[in-house]
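Geometric and topological summary
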Amino acid sequence: MRLIKSKRILKFVVAILLLVVITSAGFLDYYGIIEANITVLPPQYVVKYFHPTSGVDTTCQPMNYLTDSDLQKLKSSDDDRYKNCGQWKQNFRDSDFIEFNFTFDIPSNADILEVNLTFEWQRTEKISNARLQIWNGTWQNYTLSLPSPGVDGTEIIDLFNLYKIDTPEKLNSFRIRFQRDGSGQAFTYHDFVEVKVKYVEK
């Protein structure tokens, strides 16, 4: 997990007009201007990056629970990829998927500003369609763009606006599943899976 904190300080000058009128002593009216520097601190925001901390691949039997070594391959775009443990069968099937789970340490009273998923993968030739299933209380399908065989495909998905992953509670239950469709048995390769969260600390 990566962490970035940002604080912007806004400064401006306020002119304060002083009016002094002394008439009883016969002096002229006096006008003065005092400049004061005022610092305004907007709410501090935090950006954190999360990667899968557990997962399961049901393309083989018995199913493969992702090991630390498997999960390490998903933390950076470095061409060290996780390959599904068994060949994908023809057509989308509810029982065939690779599931990725996350562990978020976002304060329960945080105000979520952005949530984005980055997903990078490759395919072999027989795959004609692929999707992510995104859990936001129910499974929602997101169709992935299909890269050329043997070429990385990367998508950034706006989970905050598209799927209303907009509270710490929804983040804590969030998970995704990868599925494919095609004409026959095939493999997929998964290189980088990351969730970026931007929030305000209260």
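Look up a bit, the structure's there.
These notes cover the structure that comes with them. (Residues numbered from 1 in each chain as written. Predicted model: local features only at pLDDT ≥ 70, side-chain atom pairs only at ≥ 80, totals over all residues. Heavy atoms only, no water.)

**Re the overall build of the chain**
For the record, the criterion: Going along the chain from the N terminus, every DSSP run of H or I of four or more residues is numbered as a helix, and every run of E of two or more is numbered as a strand. The criterion used for residue contact is that any of the two residues' heavy atoms lie within 4.5 Å. In short, Shrake-Rupley with a 1.4 Å probe defines the accessible areas, and a residue's cover is counted only from the protein chains shown.
In terms of regular secondary structure, the chain is built from three helices and 14 strands. Sequence-distant contacts in the chain: of pairs separated by 6 or more residues, those separated by 24 or more amount to 77%. For the chain, the exposed area adds up to about 11,400 Å²; of that, 50% sits on carbon and sulfur atoms.

**A word on unusual backbone geometry**
The criterion, for reference: Burial status follows relative accessibility: with a 1.4 Å probe on protein chains alone, a residue under 20% of its type maximum counts as buried, one over 50% as exposed, and anything between as partly exposed.
Note that the residue after Gln61, namely Pro62, is joined by a cis bond; omega there is 0°. Even without glycine at this site, Asp79 takes up a positive phi of about 70°. Along the polypeptide, Asp79 turns up in the loop between helix H1 (68–72) and strand S7 (82–83). The class for Asp79 is exposed, based on a relative accessible area of 52%. The phi dihedral of Asn91 is positive, around 70°, even though this residue is not glycine. When you line up the elements, Asn91 lands in the loop between S7 and strand S8 (98–101).

**Re the sheet that holds strand S10 (residues 127–135)**
Put simply, the rule reads: Strands qualify as paired when DSSP identifies two bridges or more between them.
Pairing is antiparallel in the open sheet, where six strands are placed in the order S6-S5-S8-S13-S10-S11. Edge positions in the sheet fall to strand S6 (64–65) and strand S11 (139–143), since each has one partner strand and no second. As paired strands, S10 and strand S13 (residues 175–182) are joined by seven bridges and run antiparallel to one another. Considered in S13, the bridge of Ile134 is made with Ile176.

**So, the pattern of salt bridges**
A side chain of one charge can pair with a side chain of the opposite charge when the charged atoms of the two come close. Keep this limit in mind: Any Lys or Arg side-chain nitrogen located within 4 Å of an Asp or Glu carboxyl oxygen qualifies as a salt bridge.
Taken as a whole and assessed by the stated rule, the structure comprises seven salt bridges. Overlapping salt bridges, with partners in common, bring together Asp79, Arg81 and Asp152 in one network.

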